[in-house]
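# Reading the structure
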Amino acid sequence: MKKYLWLMLAGLIIAFIWGNSLQPAVESESLSIFWANLVKTIFEFCHFHVSIGVLDHVVRKLAHFTEFALQGFLIYKSLSMFRVRNGVKIAIIIGILTAIIDETIQLSVPGRSSQISDVILDTAGAATGACISYLFALKHK
């Protein structure tokens, strides 16, 4: 039963990723500006000043990396529960495919664009998440 829960969680993160890509640019930007302003407030409290434009860019790229790291983690965990061999490689391939589809979705959304650099960043996130999940599995054997 646990293996199906992990598989469902992996599917949900992919749905979440693709759902975010369906947001028009105005909505997507509004959300990232909210988070950037929150981080800016925290930084200013610590007497560290950085422009909102820089923070917005960092927030967007960290969101890409983090979402795909979680996907890689969950995909590897699901594959390992089903005892699939080469789980890290497969999780990375699924991450690449998810990223390509994600960027393709954005081509049809008003104000959004597709970037190869995001596919690379997303793949790095998926690989990181899969490797972390693999290392956790090794530790708990």
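Just above, that's the structure.
Residues numbered from 1 in each chain as written. Predicted model: local features only at pLDDT ≥ 70, side-chain atom pairs only at ≥ 80, totals over all residues. Heavy atoms only, no water.

## What to know about the side chain of Ser32
One can find Ser32 in helix α2 (residues 25-45). Residue Ser32 is classed as buried on the basis of its relative accessible area of 6%. There is a polar contact of 3.1 Å between the side chain of Ser32 and the backbone oxygen of Glu29. Among the polar contacts made by the side chain of Ser32, one reaches the side chain of Asp56 at a distance of 2.6 Å. When neighbours within four sequence positions are excluded, Ser32 is seen to be in contact with Asp56, Val59 and Arg60. (Helix = DSSP H or I, 4+ residues; strand = E, 2+ residues; numbered from the N terminus. Buried < 20%, exposed > 50% of the residue type's maximum accessible area, 1.4 Å probe, protein only. Polar contact = N/O pair within 3.5 Å; in protein donor to acceptor, adjacent residues only side chain to side chain. Contact = heavy atoms within 4.5 Å.)

## Some words on the packing of aromatic side chains
Overall, the coordinates contain five aromatic pairs when judged by the stated rule. Consider the rings of Tyr4 and Phe82, whose centres lie 5.5 Å apart with planes at 80°: the pair is edge-to-face. One end of the pair, Tyr4, is in helix α1 (residues 2-21); the other, Phe82, is in the loop between α3 (52-81) and α4 (87-106), and 78 residues separate them in sequence. Residue classification places Phe82 among the partly exposed residues on the basis of a relative accessible area of 31%. Judged by centre distance (6.0 Å) and plane angle (85°), the rings of Tyr76 and Tyr134 are edge-to-face. Of this pair, Tyr76 sits in helix α3 while Tyr134 sits in helix α5 (residues 116-139); the two residues are 58 residues apart in sequence, bridging distant segments of the chain. (Phe/Tyr/Trp six-rings, centres within 6.5 Å; stacked < 30°, edge-to-face > 60°.)

## Notes on the layout of surface pockets
By volume, the largest pocket is sized at about 620 Å³. As for the largest pocket, its lining consists of 24 residues, and the residues nearest its centre are Ser28, Arg60, Ala63, His64 and Arg112. When grouped by side-chain class, the residues that make up the lining of the largest pocket number seven nonpolar, 10 polar and seven charged. Considering only enclosed or pocket space, the second largest pocket measures out at about 210 Å³ in volume. Tyr76, Lys77, Ser80, Arg83, Val84, Gly87, Tyr134, Ala137, Leu138 and Lys141 together form the lining of the second largest pocket. Across the lining of the second largest pocket, the residue classes break down as five nonpolar, two polar and three charged. (1 Å grid on protein atoms, 1.4 Å probe; cavity = no way out; pocket = protein on both sides within 12 Å on 5 of 7 lines; lining within 4 Å. Points joined across faces, edges and corners; volume = space filled by probe spheres on them. Nonpolar A, V, L, I, M, F, W, Y, C, P; charged D, E, K, R; others polar.)

## A short note on a nonpolar patch on the surface
Residues Leu31, Phe34, Trp35, Leu38 and Ile42 make up a contiguous nonpolar surface patch of about 490 Å² in total accessible area. Assignment of secondary structure puts Trp35 in helix α2. Judged by relative accessible area, Trp35 falls into the partly exposed class, the value being 43%. (Patch = residues over 30% accessible without salt bridge, like charges linked within 9 Å, V, L, I, M, F, W, Y side chains within 5 Å. Areas by Shrake-Rupley, 256 points an atom, 1.4 Å probe, with all protein chains shown as cover. Salt bridge = Lys/Arg side-chain N within 4 Å of Asp/Glu carboxyl O.)

## Digging into the packing of α1 against α3
Following both chains from N to C, one finds α1 and α3 inclined at 155°, their axes separated by 8 Å at the closest point. It follows from the interaxial angle that α1 and α3 lie roughly antiparallel. The element α1 and its partner α3 pack so that their crossing is left-handed. Residues Lys2, Lys3, Trp6, Leu7, Leu9, Ala10, Ile13, Ile14, Phe16, Ile17 and Asn20 of α1 touch α3, and the partners they reach there are Glu67, Phe68, Leu70, Gln71, Phe73, Leu74, Ile75, Lys77, Ser78 and Met81. In the contact of α1 with α3, the residues fall into 14 nonpolar, three polar and four charged. (Axes fitted to C-alpha atoms, helices over the stretch in contact; angles between N-to-C directions. Parallel < 35°, antiparallel > 145°, perpendicular 65-115°, else oblique. Left-handed = near helix turned anticlockwise from the far one by under 90°.)

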